[in-house]
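Understanding the architecture of this molecule
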Amino acid sequence: MDHATYFSRPLLTVARDLLGATLTVDGVGGIIVETEAYHPEDAASHAFIGQTPRNRAMFAGPGYVYVYRSYGIHWCFNFVCADAAAVLVRAIEPTAGLAEMAERRGLTDPRKLCSGPGKLAQALGISDRHDGLRLDSTPFRFTPSTAPLPVVIGPRIGISKAAELPWRFGVAGSAFLSRKFPT
């Protein structure tokens, strides 16, 4: 399945199926263990207000990358899905380029390298120069998971609008999540 087809599926299916997929940027990355879904009819989505210069990548179509600055501090990495929906990658389990990640983050504990969207972007060297690029082109390498993993589901975190939606997905038992899921 090509990237555009993969990301054209229903948003929550994509967000869940991304768990276990491999993402690298210039050979640095790992296994996706946590995601959050954002639909354009959802008040927390950057597409909710329509297209702007900041969010134009969300309107490029499935298989593109949307990178934005959060609170003016951290870059955040998203996969663009159908109809200007997006999936935020919240955490990965580092498997490739750990020395580069450690240097970029200034620490060595693998559990803390990519356990949050800002940490992940810093560790992978993601910035605004990646915004609007196609996922099937350099510097990205994306490989979907070949087997379903045990999943935990909960409300999204770090937002004030529509936070109650159970659109946060994580690999059950992963030590690399950004935050524990409620029980």
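Everything discussed here concerns the structure shown above.
Cut-offs applied
- Residues numbered from 1 in each chain as written.
- Predicted model: local features only at pLDDT ≥ 70, side-chain atom pairs only at ≥ 80, totals over all residues.
- Heavy atoms only, no water.
- Helix = DSSP H or I, 4+ residues; strand = E, 2+ residues; numbered from the N terminus.
- Rg over C-alpha atoms; globule rule 2.2 N^0.38 Å.
- Contact = heavy atoms within 4.5 Å.
- Lys, Arg positive; Asp, Glu negative; His and termini not counted.
- Charge placed at Lys NZ, Arg CZ, Asp CG, Glu CD.
- Buried < 20%, exposed > 50% of the residue type's maximum accessible area, 1.4 Å probe, protein only.
- Pairing = 2+ DSSP bridges.
- Core = buried A, V, L, I, M, F, W, Y, C linked by side-chain atoms within 4.5 Å.
- Disulfide = S-S within 2.5 Å.
- Phe/Tyr/Trp six-rings, centres within 6.5 Å; stacked < 30°, edge-to-face > 60°.

For the chain, the helix and strand inventory stands at five helices and eight strands. Secondary structure elements of the chain, listed N to C terminal, follow the sequence α-α-β-β-β-β-β-α-α-α-β-β-β. A compact globule built from 183 residues would reach a C-alpha radius of gyration of about 16 Å, and the chain, at 15 Å, matches this within 12%. If you line up the chain on its principal axes, its C-alpha atoms span 40 × 40 × 35 Å. For the chain, the share of sequence-separated contacts (at least 6 apart) that also reach a separation of at least 24 residues comes to 57%. The averaged location of the 16 negative side-chain charges in the chain is 6 Å from the averaged location of its 19 positive side-chain charges.

Relative to the helices and strands, valine 28 is located in strand S2 (residues 28–38). When its relative accessible area of 1% is taken as the criterion, valine 28 is described as buried. A sequence separation of 40 residues divides valine 28 from tyrosine 68, and the C-alpha atoms of the two residues are 20 Å apart. Those residues in contact with valine 28 that lie beyond four places of it in its chain are Leu23, Ala96, Gly97, Glu100, Met101, Arg104, Ala123 and Leu124.

What follows covers the pairing of strand S4 (residues 74–80). The buried fraction of S4 amounts to six of the seven residues, a majority that puts the element mostly inside the structure. Here strand S3 (residues 65–70) runs beside S4; their pairing, made up of six bridges, is antiparallel. Paired with valine 65 across the strands is phenylalanine 79, a residue of S4. Counted along the chain from S3 to the antiparallel partner S4, the turn is three residues long, and its residue tyrosine 71 has a positive phi close to 55 degrees.

Time to look at the nonpolar core. Phe7, Leu18, Ile32, Phe77, Phe79, Leu124 and Phe142 are the most contacted members of the largest nonpolar core, which has 43 residues in total. Once residues lying within four places of it in the same chain are set aside, the contact partners of phenylalanine 77 are Leu23, Val65, Tyr66, Val67, Val87, Leu88, Val89, Leu120, Ile126 and Phe140. With twelve residues, the next largest nonpolar core counts Ala47, Ala57, Met58 and Tyr68 among its residues.

Our focus in this paragraph is the state of the cysteines. Under the counting rule described, the total for this entry stands at zero disulfides. Free cysteine: cysteine 114, not disulfide-bonded; nearest cysteine sulfur from cysteine 76 at 13 Å. The exposure class of cysteine 114 is buried, given its relative accessible area of 1%.

Take the packing of aromatic side chains next. For the structure shown, the criterion picks out eight aromatic pairs. Ring centres of phenylalanine 7 and phenylalanine 79 lie 5.0 Å apart, and the angle between their planes is 25 degrees; this geometry places the pair in the stacked category. Note that phenylalanine 7 is positioned in the loop between helix H1 (3–6) and helix H2 (11–17) and phenylalanine 79 in strand S4, a separation of 72 residues in sequence. Comparing phenylalanine 7 with phenylalanine 79 shows no difference in burial state: the two are buried. Centre to centre, the rings of phenylalanine 7 and phenylalanine 142 are 5.5 Å apart; their planes meet at 50 degrees, and the pair counts as tilted.

Right, let's talk about the pairing of strand S5 (residues 86–96) for a bit. Across the eleven residues that make up S5, a large majority, eight, are buried. Here S2 runs beside S5; their pairing, made up of nine bridges, is antiparallel. Opposite glutamate 36, over in S5, you have leucine 88 as the bridge partner. Here three bridges tie S4 to S5, and the two strands are oriented antiparallel to one another. By the bridge assignment, asparagine 78 is partnered in S5 with leucine 88.

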